[in-house]
Amino acid sequence: MPLESLWGDIRFAFRIFKRSPAVALTVIGTLAVALGLNATAYSFFNAYVVKPAAVRDPGTLYLASWENRAGFVHRLSWMETEGFGRDMAAVFPETYVSMPQFVTRINARPALGELVTGNYFSLLGVPAFRGRMLQPSDSAAPGSEPVVVLSHAAWLRHFDGDPAAIGRRIEIRGVSFEIIGVAPEGFVGLDLLPRDFWAPLTMLPVLEEGPSLFGPEQPQRLEVIGRLGATQTEGSARAAVMAWAQRTTASNPPETQAVVAL
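If you're wondering where the values come from, they're calculated on a predicted model, not measured in any experiment.

Caption draft 1: Molecular detail of the overall build of the protein chain. Summing up its helical and strand segments, the protein chain has seven helices and 13 strands in all. Out of the 262 residues belonging to the protein chain, those deemed buried represent 52%. The contacts in the protein chain between residues at least 6 apart in sequence include a share of 68% that link residues at least 24 apart. Only carbon and sulfur atoms are counted for the fraction: they give 57% of the accessible area of the protein chain, which is about 11600 Å².

Caption draft 2: Molecular detail of unusual backbone geometry. Phi at Asp57 takes a positive value of approximately 45°, unusual for a residue other than glycine. Take Asp57: it is sitting in the loop between strand E2 (47–49) and strand E3 (61–63). Asp57 gets classed as partly exposed once you look at its relative accessible area, which sits at 46%.

Caption draft 3: Main features of the environment of Leu124. Among the secondary structure elements, Leu124 is positioned in helix H4 (residues 120–124). The class of Leu124 is buried, set by a relative accessible area of 0%. Along the sequence, Leu124 and Glu94 sit 30 residues apart, while their C-alpha atoms lie 10.0 Å from each other. Dropping the residues within four chain positions of it, Leu124 is found in contact with Val55, Arg56, Leu61, Tyr96, Phe187, Leu190 and Arg227.

Caption draft 4: Summary view of helix H5 (residues 152–159). By the burial criterion, the buried members of H5 are His152, Ala154, Trp155, His158 and Phe159. Down the axis of H5, the buried side of the element spans an arc of 160°, and every buried residue falls inside it. Packing partners of the buried residues in H5 comprise strand E5 (94–106), strand E6 (109–116), strand E7 (130–131), strand E8 (147–150), strand E9 (169–172) and strand E10 (175–182). Asp160 lies just past H5 and shows a positive phi near 55°.

Caption draft 5: Broad picture of the confidence of the model for the protein chain. Confidence in the prediction of the protein chain, expressed as mean pLDDT, is 83, and 80% of residues score 70 or more. Scored below 50 in pLDDT, residues 1–17 shows 31 contacts in the model against residues more than four places distant or in partner chains. Every residue in residues 22–52 scores below 50 in pLDDT, and together they form 72 contacts with partners more than four places removed in sequence or on other chains.

Caption draft 6: The arrangement of the pattern of salt bridges in detail. If you walk through the whole model with that rule in mind, you get nine salt bridges. Among the ionic pairs, Asp196 bridges to Arg157, the shortest N-O distance being 2.5 Å. Of this pair, Asp196 sits in the loop between E10 and strand E11 (197–200) while Arg157 sits in helix H5, and the two are 39 residues apart along the sequence. Residue Arg157 is classed as partly exposed on the basis of its relative accessible area, which comes to 34%. Glu208 is paired through a salt bridge with Arg221; the nearest N and O atoms lie 2.4 Å apart. Of this pair, Glu208 sits in the loop between helix H6 (204–207) and strand E12 (223–227) while Arg221 sits in the loop between H6 and E12, and the two are 13 residues apart along the sequence. One salt-bridge network, in which partners are shared between bridges, spans Glu114, Asp191 and Arg195.

Caption draft 7: Structural context of the pairing of E12. The buried fraction of E12 is high, at five of five residues. Every second residue of E12 is oriented toward a common face, with Glu223, Ile225 and Arg227 on one face and Val224 and Gly226 on the other, all of them buried. With three bridges joining them, E3 and E12 adopt antiparallel strand pairing. Opposite Leu61, over in E12, you have Arg227 as the bridge partner. Bridge count between E5 and E12: five bridges; the pairing is antiparallel. When the sheet's bridge partners are listed, Tyr96 is paired in E12 with Ile225.

Caption draft 8: The arrangement of the nonpolar core in detail. With 26 residues, the main nonpolar core has Ile170, Phe177 and Phe197 as its most contacted residues. Secondary-structure elements contributing two or more residues to this core are E5, E6, E8, H5, E9, E10, E11 and H6. Other than its neighbours up to four places away in sequence, Phe197 contacts Phe102, Thr104, Ile106, Ala111, Leu112, Gly113, Glu114, Val148, Val149, Leu150, Ser151 and Ile172. One finds Tyr120, Val147, Ala183 and Trp198 within the second-largest nonpolar core, a separate group that totals 20 residues.

Caption draft 9: Local environment of helix H7 (residues 234–249). Along its 16 residues, H7 runs 22 Å from first to last C-alpha, staying within 8% of the 22 Å computed at 1.5 Å per residue. Along H7, the residues that are buried comprise Ala237, Ala240, Val241, Met242, Trp244, Ala245 and Thr249. The secondary structure elements touched by the buried residues of H7 are strand E4 (66–68), helix H3 (78–87) and strand E13 (258–261).

Caption draft 10: Summary view of the packing of aromatic side chains. In total, this model carries twelve aromatic pairs according to the counting rule given. Relative to Trp244, the ring of Phe84 has its centre 5.2 Å away and its plane inclined at 85°; by these criteria the two rings are edge-to-face. On the criterion of sequence distance, the pair formed by Phe84 in helix H3 and Trp244 in helix H7 is long-range, its members being 160 residues apart. On the accessibility criterion, Phe84 (1% relative accessible area) is buried. Through a chain of ring-to-ring contacts, the aromatic side chains of Tyr96, Tyr120, Phe121, Phe187 and Trp198 assemble into a single cluster. Cation over ring: Arg173 sits above Phe102, and NZ or CZ is 4.0 Å from the ring centre.

Calculation criteria
Residues numbered from 1 in each chain as written. Predicted model: local features only at pLDDT ≥ 70, side-chain atom pairs only at ≥ 80, totals over all residues. Heavy atoms only, no water. Helix = DSSP H or I, 4+ residues; strand = E, 2+ residues; numbered from the N terminus. Buried < 20%, exposed > 50% of the residue type's maximum accessible area, 1.4 Å probe, protein only. Contact = heavy atoms within 4.5 Å. Areas by Shrake-Rupley, 256 points an atom, 1.4 Å probe, with all protein chains shown as cover. Arc of directions from axis to C-beta. pLDDT = per-residue confidence, 0-100. Salt bridge = Lys/Arg side-chain N within 4 Å of Asp/Glu carboxyl O. Pairing = 2+ DSSP bridges. Core = buried A, V, L, I, M, F, W, Y, C linked by side-chain atoms within 4.5 Å. Expected span 1.5 Å × (residues − 1). Phe/Tyr/Trp six-rings, centres within 6.5 Å; stacked < 30°, edge-to-face > 60°. Lys NZ or Arg CZ within 6 Å of the ring centre and 35° of its normal.

What follows is the structure in structure tokens.
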């Protein structure tokens, strides 16, 4: 593995620790295994994905975020993601929104999922192995469409690879979801930790109590990933993200104002 790729993996690990310290030990183990397998790295601004991403044109995908003056990586509110998608369309013609680490159980076994907007799979160019993938209509309104796509590994683990699993229902935090599809083997998401399932982001208010992503509180829990436009470069995208972040956080307390795009 090239030295710069290894250094990129290390930098990514530290960003993960700052963003989600609760999973730090798990990430360390995953990172060690992945480095031992000499995995390929792809650029997400200055972050790297350890395992090869089985997606279309992975080099044009960017996690748009920034650090504030306090040194923390910013996560976005729902309103911020909507503003980003609207204001940055010339830089990122396509974006999806994700809550990337959703811990639960499936059939009494621990499972790690990701809640995403319905264009997640189409933007990444990931087809269904069985059934169908999420689509925009699945995340059209909060609380609608309790559907789920399983990873190939989760399908094998929980259903022994039974094709009849499509259409069956599983419980996620006490809520019944219909299995609509199985992702292709090899696709486990874009983060260090492999995902077991993907469900619509709009189901979050049904799955947990507390301030709603779509309510007046606007908790900052989300990531936005965009596909770089044909005329853009990584440098121009980073500069555009930085300018947008500074405008967005200009009225915030000083410690939460954006200082560097990632």
